[in-house]
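A closer look at the structure
Below, each chain spelled out in residue letters.
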Amino acid sequence: MNRNAIEIRGLRKSYGQQTVLGGIDLTVQEGTIYALLGPNGAGKTTLIHILTTLTDADAGTAKVAGYDVATERNGVKRSISLTGQFAAVDEMLTSRENLTMIGRLSGLTATETRARTAELLEIFDLTAAADKRVKTYSGGMRRRLDLAISLVTECPVLFLDEPTTGLDTTSRRALWDIIMQLKSRGITVFLTTQYLEEADQLADMISVISGGKVVATGTAEQLKSRVGGEVIELLDEHDNVVMSIPTSGSLHDVRQTLNGLGEKAAPGTRVTIRKPSMDDVFVTLTTTSTAASAIQTTNEEAAI
Ligand SMILES: Nc1ncnc2c1ncn2[C@@H]1O[C@H](COP(=O)(O)OP(=O)(O)OP(=O)(O)O)[C@@H](O)[C@H]1O
């Protein structure tokens, strides 16, 4: 039976008058990839900082790898790695030197450090560039190195704060592959992202946060099904989407929706019907409070 790598109950955090986290409940099973999806300023980094003991919560509890983040900080720290939004590498050193430095600082012997460095350079496809200074690296190479550094000592729970922000599509996909490999080695990955596709592709479970609350939790498919079975899209003569309408997908519903449009659609308007995307989910959940409260029920269902 799977155990929980992360358990969060009623977590709250405010800065002055601003409530950043207004009571977060969340459970992450061991060995899974969990994505926390939310717009800018939703509180994703704040939550990661609390889970990694960098910030204290005002109320509520959180356990990581079985340790309480408030009272068992050392246990938490021993169990986690964190990669932040900005690559924390020494640009004047080579990637081999960066990895070696972290290995020795983490208490590995010289021999262990050499072996681990070689292994990580290989995994992250950095062997060819291992002896070049990091300042000559591309953004993708730096992110890969940053991730490699956070894995010098392999921890059961890995936190990735927007790991692919600023990367091009190829580098992003390469990192996704690496994250999937980490999962296959039993590591629990908790990541934040603003990219819907990233959550869709990678995560076993997704929570959407907005306004300091979890407004939905589920698999990508479960979240999409909440938006509706099919989305009717109206396109203008230049193929621009002028309206998207979620429907249940039933013939009755689709027919009623189209009839309901009546004369509102301009002449020349075309119709397509497609499956909902994560974009639909995101827009629905983060822009309408009614949707948010409706989905709160989903959250409870998904937790059962
Ligand atoms: N130390 C702090 N002092 C005051 N306000 C803060 C502090 N840290 C974060 N905030 C505020 O809390 C809110 C949430 O910030 P946070 O960085 O957690 O959001 P986020 O979802 O990670 O956003 P982004 O995707 O832009 O990184 C923001 O309005 C931010 O300005």
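Okay, so let's go over this structure. (Residues numbered from 1 in each chain as written. Predicted model: local features only at pLDDT ≥ 70, side-chain atom pairs only at ≥ 80, totals over all residues.)

Quick look at the overall build of the protein chain
How we decide: Numbering of helices and strands starts at the N terminus; helices are DSSP runs of H or I of at least 4 residues and strands are runs of E of at least 2. Any residue whose C-beta has 12 or fewer other C-beta atoms within 10 Å is treated as exposed, any with 20 or more as buried, and any in between as partly exposed, C-beta atoms being built from the backbone.
Broken down by element type, the protein chain carries eleven helices and 13 strands. Taken along its principal axes, the extent of the C-alpha atoms in the protein chain is 75 × 45 × 40 Å. Relative to its 304 residues, the protein chain shows a buried fraction of 38%.

Description of the sheet that holds strand β13 (residues 270-274)
The test is simple: At least two bridges found by DSSP between two strands are what make those strands a pair. For helices, the fitted line uses only the C-alpha atoms of the stretch in contact; every axis is such a line through C-alpha atoms, and the angle between N-to-C directions lies from 0 to 180 degrees.
The strand order across the open sheet formed by three strands is β12-β11-β13, and the pairing between neighbours is antiparallel. Looking at which strands have only one partner, the edges of the open sheet turn out to be β12 (241-247) and β13. Here the average twist between neighbouring strands, direction ignored, is 20°. Pairing geometry for strand β11 (residues 230-235) and β12, over six bridges, is antiparallel. Within the sheet, the bridge partner assigned to isoleucine 232 lies in β12 and is isoleucine 245.

Considerations on the packing of helix α3 (residues 95-105) against helix α4 (residues 110-123)
Two quantities define a packed helix pair, namely the angle between the axes and the distance from one axis to the other. Short version of the rule: Comment on the angle field: the value is read as roughly parallel under 35 degrees, roughly antiparallel over 145, roughly perpendicular from 65 to 115, and oblique elsewhere. The handedness criterion is simple: a crossing whose near helix is rotated anticlockwise from the far helix by less than a right angle is left-handed, and one whose near helix is rotated clockwise is right-handed. A residue pair is marked as a contact if its C-beta atoms, positioned from the backbone, fall within 7 Å. Gly is placed with the polar residues, together with every amino acid not listed as nonpolar (Ala, Val, Leu, Ile, Met, Phe, Trp, Tyr, Cys and Pro) or charged (Asp, Glu, Lys and Arg).
Packing of α3 against α4 leaves a shortest axis separation of 9 Å and a crossing angle of 135°. On the basis of their axis angle, the class for α3 and α4 is oblique. Our pair here, α3 against α4, has a crossing hand that is right-handed. On α4, the residues that touch Ser95, Arg96, Leu99, Thr100, Gly103 and Arg104 of α3 are Thr113, Arg116, Thr117, Leu120 and Leu121. For the contact of α3 with α4, the per-class residue count stands at three nonpolar, five polar and three charged.

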